[in-house]
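Tertiary structure, described
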Amino acid sequence: MKKFLPILAAVVGLGLSAPIAAQPATTAAENTGLQQLVGNIMPGAFFMKPSSDGPFPVIILLGGSEGNDGSARRKAPVFVAEGYAVLGVPYYSPAYGGQPQQIPGLPRAFDAIPVDALETARDWLQDRDDVKPHSIGIYGVSKGAEFALLGGSLIDGFAAIAAIVPTDVVWEGWGAGTTSGENSSFSWRGQPLPFVPYIGMNEEIAKYSIPDETPRLRLAHDKGRHAYPAKAVAARIKVENIDEPVLVAGGDADNVWNSGEMTQAIAEMRAANGLPTVSLIFTDAGHGLSGTGDDPNGWYSDTDLEAQNAIWPATLAFFAKHLKRQECAGRSNNC
């Protein structure tokens, strides 16, 4: 695994959490009364809220394997504009190519990331007078969706969870100090969680430097899952333990990992247990489903944008229904 880490940072990181469509520069300034760095308790975390009076429902933002806080910072003003406070929680800060680490204090490797960090985030929010303590949601994308579902399955105190292009299992970790096939992406109470190893990730990554080759990172995930069914069973995220409402959205044409099929598996397990779930699966869409349907930078395919135009309003309606309960009483889900 170590041999392809510099390339992995460039391609897996971008692939696992596609950039969010740019927002007007005035959005954050007009709608945000506070941007506060949290400090050592959560390195790199930041809190933002609307300029109006609170208390506010709040959404914890979890980006993907690109690490650092860029994904959360791009998404935060969009949710603030909808009346939410947000807590951006970076949880991994790689330092490739001899570059300094952007957020000291965070892990450099995507290895045994502590799910316990969401307990710290929940407690920090519940202690604030400007936050509604029973209206805390989580919005996670890709590896952040894996993190969000794990948090919901292990920790109480969240009111709603949205997982965009999620996985239903924990996957292998990577980075400095790891060995291929031996490290988990996440841990709980200091113990690495069971995980599914990759098979053939080196070969897929190598295709980025070969003309006319098309890398499919999904293959390394699919081959690992096919080869280790018992490990896949052990690594399954117990979404039936999440008694709060869950929204999941994935694409069957996802070439990073099989988010469409894994979204379906999550929805089926929750349906079998009678749990409230919104499931959105798009046959022709890929991994870039976390945008708002407006992409001036050209990051997303047309099919991904079509899916975003369904997922984003559904996500806003989902959070409005479950985090703005009093405001939405007697009104439609789109209040």
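Just so you know, these numbers come straight off a predicted model, no measurement behind them.

Next up on the list: the overall build of the protein. A count of helical and extended segments in the protein gives 11 helices and 11 strands. Within the protein, buried positions represent 55% of all 335 residues. A separation of at least 24 residues holds for 71% of the contacts in the protein among residues at least 6 apart in sequence. With an accessible surface of roughly 13700 Å², the protein has 50% of that area assigned to carbon and sulfur atoms.

Here strand β10 (residues 246-251) lies mainly inside the structure; six of its six residues are buried. Every second residue of β10 is oriented toward a common face, with Val 246, Val 248 and Gly 250 on one face and Leu 247, Ala 249 and Gly 251 on the other, all of them buried. With four bridges joining them, strand β7 (residues 160-164) and β10 adopt parallel strand pairing. The residue of β10 that forms the bridge with Ala 162 is Leu 247. Between the parallel pair β10 and strand β11 (residues 277-282), the chain is carried across by helix α9 (residues 259-272), and the sense of this crossover is right-handed.

The next thing to look at is the pairing of strand β2 (residues 46-50). In terms of residue burial, β2 counts as a mostly covered element, since five of its five residues are buried. The pairing of β2 with strand β4 (residues 85-88) spans three bridges and is antiparallel. Paired with Phe 47 across the two strands is Leu 87, which belongs to β4.

Taken together, Asp 252, Glu 261, Asp 284, Asp 302 and Glu 306 make up a surface patch of like negative charges. Tracing the sequence through the fold places Glu 306 in helix α10 (residues 302-323).

For the rest of this paragraph, the subject is the packing of aromatic side chains. Scanning all chains against the criterion turns up 14 aromatic pairs. On the basis of an interplanar angle of 85° and a centroid distance of 4.9 Å, the ring pair of Tyr 91 and Phe 147 is categorised as edge-to-face. One end of the pair, Tyr 91, is in the loop between β4 and β5 (113-114); the other, Phe 147, is in helix α5 (residues 143-154), and 56 residues separate them in sequence. Phe 147 carries the same exposure label as Tyr 91, and that label is buried.

Omega for the peptide link from Gly 54 to Pro 55 comes to 5°, which places this bond in the cis form. Inspection of the secondary structure assignment puts Pro 55 in the loop between β2 and β3 (56-62). One non-glycine residue with positive phi stands out, namely Arg 189, at about 55°. As for its placement among the helices and strands, Arg 189 is situated in the loop between β8 (186-188) and β9 (191-192). A positive phi angle, close to 70°, is found at Asp 212, a residue other than glycine. As for its placement among the helices and strands, Asp 212 is situated in the loop between α6 (201-206) and α7 (217-227). Classification of Asp 212 by relative accessible area gives exposed; the value is 83%.

The next subject is the packing of helix α3 (residues 70-80) against α10. Contact pair α3 / α10: the axes reach a minimum separation of 12 Å and the direction vectors enclose 60°. Judged on the interaxial angle alone, α10 and α3 are oblique. Remark: the crossing between α3 and α10 carries right-handed chirality. Contact residues: α3 offers Lys 75, Val 78 and Phe 79, while α10 offers Trp 312, Leu 316 and Phe 319. Within the contact of α3 with α10, the residues separate by chemical class into five nonpolar, no polar and one charged.

With respect to topology, three strands assemble into an open sheet ordered β5-β8-β9, the strand pairing being mixed. Since the sheet does not close on itself, it has two edges, and those belong to β5 and β9, each with one partner. Relative to β9, β8 is paired through two bridges, and the arrangement is antiparallel. Note that in β9 the partner of Trp 188 across the bridge is Gln 191. Packing against the sheet, α5 makes contact with β5 and β8, and its axis sits at approximately 15° to β8.

Ile 60, Leu 62, Leu 87, Leu 125, Leu 149 and Phe 186 are the most contacted members of the largest nonpolar core, which has 56 residues in total. When residues in this core are grouped by element, the largest group, five residues, is from α5. With residues near it in sequence (within four places) discarded, Phe 186 still touches Phe 110, Ala 112, Ile 113, Val 115, Lys 143, Glu 146, Phe 147, Leu 150, Val 170, Pro 192 and Leu 193. The next biggest cluster of nonpolar side chains, apart from the first, holds 31 residues, and it includes Leu 61, Val 86, Ala 160 and Leu 280.

Moving on, we get to the environment of Gly 181. In this structure, Gly 181 sits in the loop between β7 and β8. Each C-alpha atom, one on Gly 181 and one on Phe 195, is 9.2 Å from the other, the two residues being 14 residues apart in sequence. If we skip the residues at most four places from it in the chain, Gly 181 touches Glu 172, Phe 195 and Pro 197.

The rules we used
- Residues numbered from 1 in each chain as written.
- Predicted model: local features only at pLDDT ≥ 70, side-chain atom pairs only at ≥ 80, totals over all residues.
- Heavy atoms only, no water.
- Helix = DSSP H or I, 4+ residues; strand = E, 2+ residues; numbered from the N terminus.
- Buried < 20%, exposed > 50% of the residue type's maximum accessible area, 1.4 Å probe, protein only.
- Contact = heavy atoms within 4.5 Å.
- Areas by Shrake-Rupley, 256 points an atom, 1.4 Å probe, with all protein chains shown as cover.
- Pairing = 2+ DSSP bridges.
- Right-handed = clockwise from strand over helix to strand, strands pointing away.
- Patch = residues over 30% accessible without salt bridge, like charges linked within 9 Å, V, L, I, M, F, W, Y side chains within 5 Å.
- Salt bridge = Lys/Arg side-chain N within 4 Å of Asp/Glu carboxyl O.
- Lys, Arg positive; Asp, Glu negative; His and termini not counted.
- Charge placed at Lys NZ, Arg CZ, Asp CG, Glu CD.
- Phe/Tyr/Trp six-rings, centres within 6.5 Å; stacked < 30°, edge-to-face > 60°.
- Axes fitted to C-alpha atoms, helices over the stretch in contact; angles between N-to-C directions.
- Parallel < 35°, antiparallel > 145°, perpendicular 65-115°, else oblique.
- Left-handed = near helix turned anticlockwise from the far one by under 90°.
- Nonpolar A, V, L, I, M, F, W, Y, C, P; charged D, E, K, R; others polar.
- Core = buried A, V, L, I, M, F, W, Y, C linked by side-chain atoms within 4.5 Å.

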